[in-house]
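Listed here are the chains, written in short residue letters.
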Amino acid sequence: MAPKPRRNADGTTTVTTLDAGDVRVLCPSWCFVEHGYRVPPAKAEITHRSNPEWALADTPEHGPTSLVEVGLVQWPYSDRPQVFLGIDTDDGFQEVGPTGAHRIAAALRKQADHIDAMVDQLINLRAGEDQ
């Protein structure tokens, strides 16, 4: 079990790591994690995360349905310290930069257009047309 992180008077949090001992972490304004870990992390595994946002649809058939989760993520002490957009997909959790995030947003818009076209087909089928 990892020691609990300690809040410091200067606003930082001290996290005990496996490889670097105590590390003082200054969280960005968007970080909502408390930096508690089940086991002591390596310094490079210290993670900042924003509050995740889910795309939700409330359907009459099934109620609220989650579609995709997105949020900011950063490993400030790793070999990739940049901030990424974390997206939870069928392929698992993916971290992408601005270009990848724009491409995913474009693909979701295209999928939404496809769904709208299929809804039109569904309405016609239910009305007895085009059978």
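What this report covers is the structure whose coordinates are included nearby. (Residues numbered from 1 in each chain as written. Predicted model: local features only at pLDDT ≥ 70, side-chain atom pairs only at ≥ 80, totals over all residues. Heavy atoms only, no water.)

Check the secondary structure of the chain and you find one helix and eight strands. Ordered by position in the sequence, the α and β elements of the chain form the string β-β-β-β-β-β-β-β-α. In terms of overall size, the chain is more extended than a compact globule, its C-alpha atoms giving a radius of gyration of 21 Å where 131 residues would be expected to give roughly 14 Å. Considering only C-alpha atoms, the chain reaches an extent of 70 × 30 × 25 Å along its principal axes. The buried share of the chain, taken over its 131 residues, is 22%. In the chain, the share of contacts with a sequence separation of at least 24, taken over all contacts with a separation of at least 6, comes to 27%. With an accessible surface of roughly 9400 Å², the chain has 54% of that area assigned to carbon and sulfur atoms. (Helix = DSSP H or I, 4+ residues; strand = E, 2+ residues; numbered from the N terminus. Rg over C-alpha atoms; globule rule 2.2 N^0.38 Å. Buried < 20%, exposed > 50% of the residue type's maximum accessible area, 1.4 Å probe, protein only. Contact = heavy atoms within 4.5 Å. Areas by Shrake-Rupley, 256 points an atom, 1.4 Å probe, with all protein chains shown as cover.)

The side chains of a regular strand alternate between the sheet's two faces. Here five bridges tie strand S2 (residues 13-17) to strand S3 (residues 21-25), and the two strands are oriented antiparallel to one another. Paired with Thr16 across the bridge in S3 is Asp22. The hairpin turn running from S2 into S3, its antiparallel successor, is three residues long. (Pairing = 2+ DSSP bridges.)

To continue, consider the sheet that holds S3. The strand order S1-S2-S3 describes an open sheet built from three strands, whose pairing is antiparallel. Edge positions in the sheet fall to strand S1 (6-7) and S3, since each has one partner strand and no second.

This structure, assessed with the given rule, holds four salt bridges. Note that Arg7 and Glu34 form a salt bridge whose closest N and O atoms lie 2.9 Å from each other. Taken together, the residues span a long stretch of sequence, with Arg7 in strand S1 and Glu34 in the loop between S3 and strand S4 (48-49) at a distance of 27 residues. A residue is classified by how much of its surface remains accessible, and Arg7, at 53% relative accessible area, is exposed. The partner of Asp10 in a salt bridge is Arg24, with the nearest N and O atoms 3.1 Å apart. Of this pair, Asp10 sits in the loop between S1 and S2 while Arg24 sits in strand S3, and the two are 14 residues apart along the sequence. Judged by its relative accessible area of 47%, Arg24 falls in the partly exposed class. (Salt bridge = Lys/Arg side-chain N within 4 Å of Asp/Glu carboxyl O.)

Here we come to the side chain of Asn8. By the element assignment, Asn8 lies in the loop between S1 and S2. Side-chain polar atoms of Asn8 contact the side chain of Thr12, separated by 2.9 Å. The contact partners of Asn8, leaving out residues within four places of it in the chain, are Thr13, Thr14 and Arg24. (Polar contact = N/O pair within 3.5 Å; in protein donor to acceptor, adjacent residues only side chain to side chain.)

A word on the pairing of strand S6 (residues 63-74). When S4 meets S6, the two strands line up antiparallel, connected through two bridges. Within S6, the residue paired with Arg49 across the bridge is Val73. Sheet topology note: the strand S5 (residues 53-59)/S6 ladder contains seven bridges and is antiparallel. Opposite Glu53, over in S6, you have Val70 as the bridge partner. Hairpin geometry of S5 and S6 is characterised by an intervening segment of three residues between the two adjacent antiparallel strands. With six bridges joining them, S6 and strand S7 (residues 83-89) adopt antiparallel strand pairing. Counted as the bridge partner of Val70 is Ile87 from S7.

The analysis is restricted to geometry; functional conclusions fall outside its scope.
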